[in-house]
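# Examining the three-dimensional arrangement
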Amino acid sequence: QVQLVESGGGLVQLGGSLRLSCAASTNIFRINAMGWYRQAPGKQRELVAYITTGGGTNDADSVKGRCTISRDNPKNTVYLEMNSLKPEDTAVYYCSMHTSRNSRDPRYWGQGTQVTVSS
């Protein structure tokens, strides 16, 4: 069974930065694209960014230029770095393992980590 464990969330001030981490419990991490989604209260879960096994990335327009997704295959870990944080970035952030090397479709989810941006 695949487990994804996120860490790094918390309270951040307006304009601040954070780095989220997600560790996968299995080496199939290395053959699947990985992503980060977020869900704000009363809103649908939305894609923030995803990264293919080859390192190609795709970011949502809402975070473009403020977000970097990366992966460390030997550590089975994916990261999300965000800067210039805004109150609208406040959400629960979920790590996702996707269905194939280049897919943007999630198959497995982490439990989520809360990010709150204070103004």
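This text goes with the structure placed above it.
So, here is what we can say about the structure in this document.

Conventions we followed
- Residues numbered from 1 in each chain as written.
- Predicted model: local features only at pLDDT ≥ 70, side-chain atom pairs only at ≥ 80, totals over all residues.
- Heavy atoms only, no water.
- 1 Å grid on protein atoms, 1.4 Å probe; cavity = no way out; pocket = protein on both sides within 12 Å on 5 of 7 lines; lining within 4 Å.
- Points joined across faces, edges and corners; volume = space filled by probe spheres on them.
- Salt bridge = Lys/Arg side-chain N within 4 Å of Asp/Glu carboxyl O.
- Helix = DSSP H or I, 4+ residues; strand = E, 2+ residues; numbered from the N terminus.
- Buried < 20%, exposed > 50% of the residue type's maximum accessible area, 1.4 Å probe, protein only.

### Examining the layout of surface pockets
Empty space within the largest pocket amounts to approximately 150 Å³. Taken together, Arg38, Gln39, Ala40, Lys43, Gln44, Glu46, Ser62, Pro87, Glu88, Thr90 and Ala91 form the lining of the largest pocket.

### Observations regarding the pattern of salt bridges
Counted according to the given criterion, the structure contains 4 salt bridges. Arginine 19 is the salt-bridge partner of glutamate 81, the closest N and O atoms lying 4.0 Å from each other. In this pair, glutamate 81 is assigned in strand E8 (residues 77–82) and arginine 19 in strand E3 (residues 18–24), connecting sequence segments 62 residues apart. A residue is classified by how much of its surface remains accessible, and glutamate 81, at 39% relative accessible area, is partly exposed. Of the charged contacts in the structure, one is a salt bridge between aspartate 89 and arginine 38, with a shortest N-O distance of 2.9 Å. With aspartate 89 in the loop between E8 and strand E9 (91–98) and arginine 38 in strand E4 (residues 34–39), the pair connects residues that are 51 residues apart, well separated along the chain. The pair formed by aspartate 89 and arginine 38 is uniform in burial state, with each residue classed as buried. Three or more residues are tied together by salt bridges with common partners; here these are Arg38, Glu46, Arg66 and Asp89.

Purely spatial values, then, with no claim about function.
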